[in-house]
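# Results of the structural survey
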Amino acid sequence: MSQLVAIDVAVLLPQDVSGRAIELSAMLAGGDPQALRLGAGCLPHITLTQQFVGAVSLDACLDAVGVVLQGVAPLHMSVTGVGRGNTTVWMSVERSPALLDLHRRLMDALETFEQTDGAADAFVGNARPKDIEWVRSYRRASSGKAFTPHITLGHSTQTTPLVEPLTFEAATIAACQLGRFCSCGRVLRRWTL
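So, a few notes on the structure that sits alongside this text. Treat the numbers as computed from the prediction; the structure is a model and nothing was measured.

## Quick notes on the sheet that holds strand β2 (residues 45-54)
Read across the open sheet, the 5 strands follow the order β5-β2-β1-β8-β9; overall the sheet is antiparallel. Edge positions in the sheet fall to β5 (114-115) and β9 (183-192), since each has one partner strand and no second. Sheet topology places strand β1 (residues 4-12) next to β2; 9 bridges connect them, and they run antiparallel. Within the sheet, the bridge partner assigned to Ile7 lies in β2 and is Gln51. Against the sheet, helix α3 (residues 97-110) engages β1, β2, β5 and β8 (172-179), with an angle of about 5° to β2. Set on the sheet, helix α4 (residues 129-136) makes contact with β2 and β8; between it and β2 the angle comes to about 90°.

Dropping the structure here:
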């Protein structure tokens, strides 16, 4: 194992929502074997935190996640539609007070474990330079007021799938080692709310 591990503490989705995300991802990926494609090795999820953690501190970091999650009720969540950047397409998720509070509490609890000098060997598989930079800058660029909860579907410059609004209850949180495209590549530990 690398000296550092790239982790994502994330909400894992109920089966019906996960299944829909996987279907939409397959539509975007088409036949491109290099494209992001959700499935068993790339779990649909909603990121709460991302960071590099020292391998020797990983168990303590995950124990800290467990402490934060004690007494947290299942999250009532809403997908509000589709979102897209230059090439990335996602399911937009409402910034509910409970989700924002959990994000903030995890960011605070895990700050002491954060390392900023991670590299490709901290990931599962073949990380891109963009993946490394995304994790390095997550706290500064994507957390707090910049936190935008979403379910990444894939990449496309032409296709925008129909994403119907839906509500669901999420009761599973997982700490995952990140893979290519900052996907949840390997579950390290799982908690039930």
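## Some words on the state of the cysteines
Summed over all chains, the structure comprises 0 disulfides. Summary of cysteine pairing: Cys61 is not part of a disulfide, and the nearest cysteine sulfur, belonging to Cys176, is at 13 Å. Summary of cysteine pairing: Cys176 is not part of a disulfide, and the nearest cysteine sulfur, belonging to Cys184, is at 3.6 Å. On the accessibility criterion, Cys176 (0% relative accessible area) is buried.

Parameters at a glance
Residues numbered from 1 in each chain as written. Predicted model: local features only at pLDDT ≥ 70, side-chain atom pairs only at ≥ 80, totals over all residues. Heavy atoms only, no water. Pairing = 2+ DSSP bridges. Helix = DSSP H or I, 4+ residues; strand = E, 2+ residues; numbered from the N terminus. Contact = heavy atoms within 4.5 Å. Axes fitted to C-alpha atoms, helices over the stretch in contact; angles between N-to-C directions. Disulfide = S-S within 2.5 Å. Buried < 20%, exposed > 50% of the residue type's maximum accessible area, 1.4 Å probe, protein only.

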